[in-house]
Amino acid sequence: KRTPGARRAAVLRGFAAGLAARRAALAALQTRNGGKPIAEVDIDEAVATFAYYAGLAEALDADQGRAVELAAAGYESRLWREPVGVAGLIVPWNFPVTLSAWKLAPALAAGCTVVLKLSEVTPLAELVYGELATELGLPPGVLNVLPGGGEAGAALASHPGVDKVSFTGSSATGARVMQTVAERCARVSLELGGKSPILVFDDADPERAAELVLGGAFYNAGQMCSATSRLLVQRGIAEALIARVVEAAAALRLGDPAERDTGLGPLASGAQYRKVLDYFEIARAEGLRCLAGGRAAPGFARGWFVEPTIYAEVPTDSRLWREEIFGPVLCIRVFDTEDEAVRLANDSEFGLVATVVGGDAARAQRVAEALEAGHVWINTPQLAFPQTSWGGFKRSGIGRELGPWGLDAFLEVKHITRARH
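What you see is a predicted model, and the numbers here were worked out from it, not measured in a lab.

Undergrad: Account for the overall build of the chain, naming residues and giving values.
TA: Across its full length, the chain carries 14 helices and 18 strands. Judged by the C-alpha coordinates and their principal axes, the chain covers about 75 × 50 × 40 Å. A buried classification covers 54% of the 421 residues belonging to the chain. Across the chain, the fraction of contacts at a sequence separation of at least 24, relative to all contacts at a separation of at least 6, is 71%.

Here it is in structure tokens:
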């Protein structure tokens, strides 16, 4: 708490340098532990996050005690921002290392002490944070790395010594975390699920649109809260675009995630594999029209592989249209007008992200502003820069990560007001 911001910044830059030096080893370990294709491993995003918050940590000191302009003469007031205290950080399994960095870097920048609870599914690469803390000379107890299952997360959320809980995971688990934390009025941030749309208009470049659709649905085997797994495509381009997407999905190479040309790795666990297969059964029961996939990938004696899957003309009341699957499953609906597209996109209990694809810049901006989502991309892949915010509307969470908002999440605001003499 009392460590100067410049010292905190040096530690954060040490984390960035340590991750960069271990980039190849961490990528290989992450691939072996979770099945993420080596080409998709995101160590550099974690490096950038620590570097960004190092700058904010330095700036924090200069801002302490800033005078606030008052309307009343004879008084003065100054602003102070203090660390919230002990922060419990509960992170998921789908983007290990990076999602931990999104929480750990601002918490340390703010001056909090931290308990980092890793997922039991993919903990191995994230253990590096304990190694780096020791190498960088952090005092014992400043950073505590705790692998464990749901019972560990529940204990952390309910512990009276934890002042702030930051959780990333499913909406159902997030609701339980929030309920637990509410019993003692502790602070909470939640980054939860999504069922995000990608809207493609008639004037989009078909090849570029197909790339964005494919990446939004099948990157990391669809195991991401930001997966744009609902494709809304305007009627004039629908036939051509759907054909391109189906062809591109069929061309994805399933295989060893350690090989650079692998386009789709296995799911991260047996539990997730069974969940996705259950949704294939639901699709058959609902009578959905399957254009590709819809089954476990044949020919694999090992690994939780499923085929990239595409369903067309999916009703809006289908479970596959409304529920987060966390697998390589894309559902498609055709629209005619801009208003219809926005209405269909916003008709969801989630509001994490969205993508707009089209040639009319003014319309794309207008649609982006109308969408109920925390982050909207226009004609671009899902780029998450540390300077921008991450978080969602509705059941997709409370609060924001990244940017200055990520730091604010671990700070309390204090004003000291006195009479002038």
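The structure having been displayed, the exposition proceeds.
Undergrad: Talk me through helix 13 (residues 361-370); I want residue IDs and the actual numbers.
TA: Count 3.6 residues to each turn of an α-helix, and residues three or four apart come out pointing the same way. Every buried residue of helix 13 is accounted for by R363, A364, V367 and A368. End-on view of helix 13: buried residues confined to an arc of 135°, all on one side of the axis. Counted as exposed and oriented over 90 degrees from the buried face of helix 13: A361, A362 and E369. Against the buried residues of helix 13 lie strand 8 (197-200), strand 9 (230-234), helix 12 (338-346), strand 14 (353-357) and strand 15 (375-378). Where helix 13 begins, the capping side chain belongs to D360, and its oxygen is found 3.1 Å from the backbone nitrogen of A362.

Undergrad: Report on the pattern of salt bridges, specifying residues and quantitative values.
TA: Under the criterion given, the structure shown has 25 salt bridges. Ionic pairing is found between R418 and E76, a salt bridge with its closest N-O pair at 3.9 Å. You can see R418 sitting in strand 18 (residues 411-419) and its partner E76 sitting in strand 2 (residues 75-83), a full 342 residues away along the chain. Its salt-bridge partner being E338, residue R366 comes within 2.8 Å of it at the nearest N-O pair. Linking R366 in helix 13 with E338 in helix 12, this pair joins segments that are 28 residues apart in sequence. Using a relative accessible area of 45% as the deciding quantity, one classes R366 as partly exposed. Look at the salt bridges and you will find they share partners, linking D63, R66, R81 and D408 into a network.

Undergrad: Explain helix 1 (residues 5-21) residue by residue, including any values.
TA: With 17 residues, helix 1 extends 24 Å from end C-alpha to end C-alpha; this agrees with the ideal 24 Å at 1.5 Å per step. Taken residue by residue, helix 1 has G5, R8, A9, V11, L12, G14, F15, A16, G18 and L19 as its buried positions. In this structure, the buried side of helix 1 is in contact with helix 2 (23-34), helix 3 (43-63), helix 4 (98-110), helix 5 (128-135) and strand 5 (143-147).

Undergrad: Before we move on, could you go through the state of the cysteines and cite the residues and values that matter?
TA: With the rule as written, the count across this model stands at zero disulfides. In this model C112 remains outside any disulfide bridge; the closest cysteine sulfur is found in C185, 19 Å from its own. Here C290 stays free of any disulfide, with the sulfur of C331 as its closest cysteine sulfur at 9.9 Å. In this structure C290 comes out as partly exposed when scored by relative accessible area, which is 36%.

Undergrad: Account for the packing of aromatic side chains, naming residues and giving values.
TA: Where two aromatic rings form a pair, the distance of their centres and the angle of their planes describe that pair. If you walk through the whole model with that rule in mind, you get ten aromatic pairs. Between the aromatic rings of F50 and Y129, the centroid separation amounts to 5.8 Å while the plane-to-plane angle is 45°, which identifies the pairing as tilted. In this pair, F50 sits in helix 3 while Y129 sits in helix 5, placing the two residues 79 residues apart along the sequence. Exposure remark for F50: the relative accessible area of 0% places this residue in the buried category. A ring pair is formed by W377 and W390, whose centres lie 6.1 Å apart and whose planes are at 45°; its orientation type is tilted. Taken together, the positions of W377 in strand 15 and W390 in the loop between strand 15 and strand 16 (393-394) put the pair 13 residues apart, joining distant regions of the chain. Lying across the ring of F95, K36 places its NZ or CZ 4.0 Å from the centre. Lying across the ring of F410, K164 places its NZ or CZ 4.8 Å from the centre.

Undergrad: Give me the lowdown on the sheet that holds strand 10 (residues 289-292), citing residues and values where you can.
TA: Pairing within the open sheet is mixed, and its seven strands lie in the order 10-11-12-9-8-14-15. Edge positions in the sheet fall to strand 10 and strand 15, since each of these pairs with one other strand and no more. Between one strand and the next, the sheet's axes are offset by a mean angle of 25°, whatever the strand orientation. One ladder, built from three bridges, connects strand 8 with strand 14; its direction is parallel.

What counts, and where the lines are drawn
Residues numbered from 1 in each chain as written. Predicted model: local features only at pLDDT ≥ 70, side-chain atom pairs only at ≥ 80, totals over all residues. Heavy atoms only, no water. Helix = DSSP H or I, 4+ residues; strand = E, 2+ residues; numbered from the N terminus. Buried < 20%, exposed > 50% of the residue type's maximum accessible area, 1.4 Å probe, protein only. Contact = heavy atoms within 4.5 Å. Arc of directions from axis to C-beta. Polar contact = N/O pair within 3.5 Å; in protein donor to acceptor, adjacent residues only side chain to side chain. Salt bridge = Lys/Arg side-chain N within 4 Å of Asp/Glu carboxyl O. Expected span 1.5 Å × (residues − 1). Disulfide = S-S within 2.5 Å. Phe/Tyr/Trp six-rings, centres within 6.5 Å; stacked < 30°, edge-to-face > 60°. Lys NZ or Arg CZ within 6 Å of the ring centre and 35° of its normal. Pairing = 2+ DSSP bridges. Axes fitted to C-alpha atoms, helices over the stretch in contact; angles between N-to-C directions.

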